[in-house]
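For reference, the chains in residue letters:
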Amino acid sequence: MVAFRVTRVGTTPFDGQKPGTSGLRKKVKVFTQPHYLQNFVQATFNALGSDKVKGATLVISGDGRYFSKDAIQVITKMAAANGVRRVWVGQHGLMSTPAVSAVVRDRVGADGSKANGAFILTASHNPGGPHEDFGVKYNMENGGPAPEGVTNKIYENTTTIKEYLIAEGLPDADISKTGVSSFEGPDGKFDVDVFDSTIDYVKLMKSIFDFPSIQKLLSSPKFGFCYDALHGVAGYYAKRIFVEELGGKESSLLNCVPKEDFGGGHPDPNLTYAKELVARMGLSKSHSEPNPPEFGAAADGDADRNMILGKRFFVTPSDSVAIIAANAVEAIPYFSGGLKGVARSMPTSAALDVVAKSLNLKFYEVPTGWKFFGNLMDAGMCSICGEESFGTGSDHIREKDGVWAVLAWLSILANKNKDNLGGEKLVSVEDIVRQHWATYGRHYYTRYDYENVDAAGAKELMAHLVKLQSSLDEVNKIIKGIHSDVSSVVHGDEFEYKDPVDSSISKHQGIRYLFEDGSRLVFRLSGTGSEGATIRVYIEQYEKDPSKIGRDSQEALAPLVEVAIKLSKMQEFTGRSAPTVIT
């Protein structure tokens, strides 16, 4: 048995190692500086404390982006040096973020061990490659992201760190093959268990959904299906689930080979970046597809986000979570006993609120960040939740889950068509969405992203919006000067959340302007980028009149969009005349 020794390496702090809601994200060139990754990992071990680290079982895997394989070896050697008993690594270093959460929560090792936490190597929907983004985040024993109390300690530690521990003489793990390798160190035995993470994840999905009913739907000659992994880790699971388990055609899979640079693309599942899928589904403005599939979906780099499309039809993420919640009990066996409650992030449209009220469900509005949903789920208060940023999930894990969302939609389609597979026309995605609007009303909704904006200008813009709220009369005067037919603002604030579980308070979570007719404007600075600032503007208008729910979304929202841009003085503060992305 190979023996290793522990070396203490002197180091000095780096500025800016503050983890956000999704860990620490920087350019690869930043992470590859000597000691940079090591400092952050040691700061994490120190924040957890030796009582939670020594003897622990940790998962170390990610979305396979550039620098992941090197980072896995570094973190493994540091885990060994810090007294961790064993690490679990997905074969080839690949494991989706939702699969990591599932593994932490449910996997039992051959020796009876259970995971205590995980290092997830991902920058989610951000581009990958030598000149692009990398990220590290730590998830706790519940499978969810570390809470602010832990991430604040990690950051404090990064500002004072003087040394890190690493195992000398421990060879690089062969992560291409499954199996357990054992080594000996000062604290005793240390194991590296490389395993196929699709096995645990597929088992979990089969315990939630009725796979035979979905299989019947996919086998119908009338039901075309298309799934685009955007060369992210979702491709690793797609073939296993959609082809091998559900009998779909391999030709229905697009970009399902994981690549370190995501094939040079941007692994963000939206209408701007998922160009090939958008064209195939008949939604491209430059390409006309004569016969699109009935259903299409896309994933981001680490497979926690999703986009749902019908034939020539886009489903907004806000509508998606509302429709899943409205149909879950009837269509998904896991929820057959009823929903404990539902929740959405504050910027997400109020479509879910209307469903919750109609079905008499407990409802929660939380800040952006999946950890807030996790608290509710751990307390048994929430079953289904979602964010407008293409994240949807349930209490089966403590992360959003892109593949789960696709299976949820396929379950709803299978249920709606269970007596109709031999009929002339299937109930389509568009039929389901339009019926939902007819029942609950429509929330016209769009998001404008201004990416890599100068951070100082972005802060000035937000300060301007807060200052305006001191006089709503002045705000309404400005609005009427822009568009006289837009409703009046009746409330303005910075969203603040008191967690009903632990009573913690989260302030400055976004600036809201609420209108008399139920419309909303929300402005947020996003923490998911690796440089500069991203301003997100959310524009929403509620329509109950059945005769007015069929309008083009951008057309219906045009007056509010103009109000948002002029009220915020977007061009004046940022120099931007147009958003980077519209979703």
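Residues numbered from 1 in each chain as written. Predicted model: local features only at pLDDT ≥ 70, side-chain atom pairs only at ≥ 80, totals over all residues. Heavy atoms only, no water.

A. Summary view of the overall build of the chain. For the chain, the count of helices and strands is 19 helices and 27 strands. Along the first, second and third principal axes, the C-alpha atoms of the chain reach 75 × 60 × 45 Å. Long-range contacts, defined as pairs at least 24 residues apart, comprise 73% of the intrachain contacts of the chain with a sequence gap of at least 6. As displayed, the chain offers around 22400 Å² of accessible surface, 48% of which is attributable to carbon and sulfur atoms. Measuring between centres, the 65 positive side-chain charges of the chain sit 1 Å from its 71 negative side-chain charges. (Helix = DSSP H or I, 4+ residues; strand = E, 2+ residues; numbered from the N terminus. Contact = heavy atoms within 4.5 Å. Areas by Shrake-Rupley, 256 points an atom, 1.4 Å probe, with all protein chains shown as cover. Lys, Arg positive; Asp, Glu negative; His and termini not counted. Charge placed at Lys NZ, Arg CZ, Asp CG, Glu CD.)

B. Quick look at the side chain of D395. Position of D395 relative to the elements: it lies in the loop between β19 (391–394) and α14 (402–416). Judged by relative accessible area, D395 falls into the buried class, the value being 8%. A distance of 3.1 Å separates a polar atom in the side chain of D395 from a polar atom in the side chain of K340. Dropping the residues within four chain positions of it, D395 is found in contact with R105, Y334, F335, K340, M377, C382 and S383. (Buried < 20%, exposed > 50% of the residue type's maximum accessible area, 1.4 Å probe, protein only. Polar contact = N/O pair within 3.5 Å; in protein donor to acceptor, adjacent residues only side chain to side chain.)

C. Quick peek at the pattern of salt bridges. Taken as a whole, this structure holds 35 salt bridges when the rule is applied. One salt bridge in this structure joins E245 and K206, with 3.0 Å as the shortest N-O distance. Taken as a pair, E245 in helix α9 (residues 234–245) and K206 in helix α7 (residues 197–208) lie far apart in primary sequence, 39 residues in all. Among the residues examined, K206 registers a relative accessible area of 43% and is labelled partly exposed. Of the charged contacts in the structure, one is a salt bridge between E555 and R551, with a shortest N-O distance of 3.8 Å. (Salt bridge = Lys/Arg side-chain N within 4 Å of Asp/Glu carboxyl O.)

D. The pairing of strand β14 (residues 306–310), seen in detail. Extensive coverage of β14 is indicated by the burial of five of its five residues. Residue alternation in β14 divides its side chains into two sets, N306, I308 and G310 and M307 and L309, and both sets are buried. Relative to β14, strand β13 (residues 295–299) runs antiparallel, the two being bridged by five bridges. Of the residues in β14, the one forming a bridge with F295 is G310. Turn length for the β13-β14 hairpin, with the two strands adjacent in sequence and antiparallel, is six residues, and the turn residue A303 shows positive phi of about 70°. (Pairing = 2+ DSSP bridges.)

E. Quick look at the packing of helix α2 (residues 36–48) against helix α4 (residues 68–81). Between α2 and α4, the shortest axis-to-axis distance is 10 Å and the interhelical angle comes to 40°. In terms of their interaxial angle, α2 and α4 are classed as oblique. Taken as a pair, α2 and α4 cross one another with a handedness that is right-handed. Contact residues: L37, Q38, V41, Q42 and F45 in α2; A71, V74, I75, M78 and A79 in α4. A breakdown of the residues in the contact of α2 with α4 according to their chemical character gives eight nonpolar, two polar and no charged. (Axes fitted to C-alpha atoms, helices over the stretch in contact; angles between N-to-C directions. Parallel < 35°, antiparallel > 145°, perpendicular 65-115°, else oblique. Left-handed = near helix turned anticlockwise from the far one by under 90°. Nonpolar A, V, L, I, M, F, W, Y, C, P; charged D, E, K, R; others polar.)

F. Representation of the packing of helix α11 (residues 317–331) against helix α12 (residues 351–359). Where α11 contacts α12, the two axes come as close as 8 Å, and the packing angle between them is 20°. By the angle between their axes, α11 is roughly parallel relative to α12. By crossing handedness, the relation of α11 to α12 is classed as right-handed. Where α11 approaches α12, its residues S318, D319, V321, A322, A325 and A326 are matched on the opposing element by A351, L352, V355 and L359.

G. Representation of the nonpolar core. Counting residues in hydrophobic clusters, the biggest one holds 81 residues, and the most contacted among them are Y227, I241, F242, F295, L407 and L410. Counting residues per element, this core draws most heavily on α14, which supplies eleven residues. Ignoring sequence-local partners within four residues, the contact set of Y227 consists of A234, A238, F242, S252, L253, L254, C256, A297, A299, V403 and V406. If you look at the next biggest cluster of nonpolar residues, it comprises 48 residues, including I72, I75, V136 and V150. (Core = buried A, V, L, I, M, F, W, Y, C linked by side-chain atoms within 4.5 Å.)

So yeah, pure geometry; function would need other evidence.
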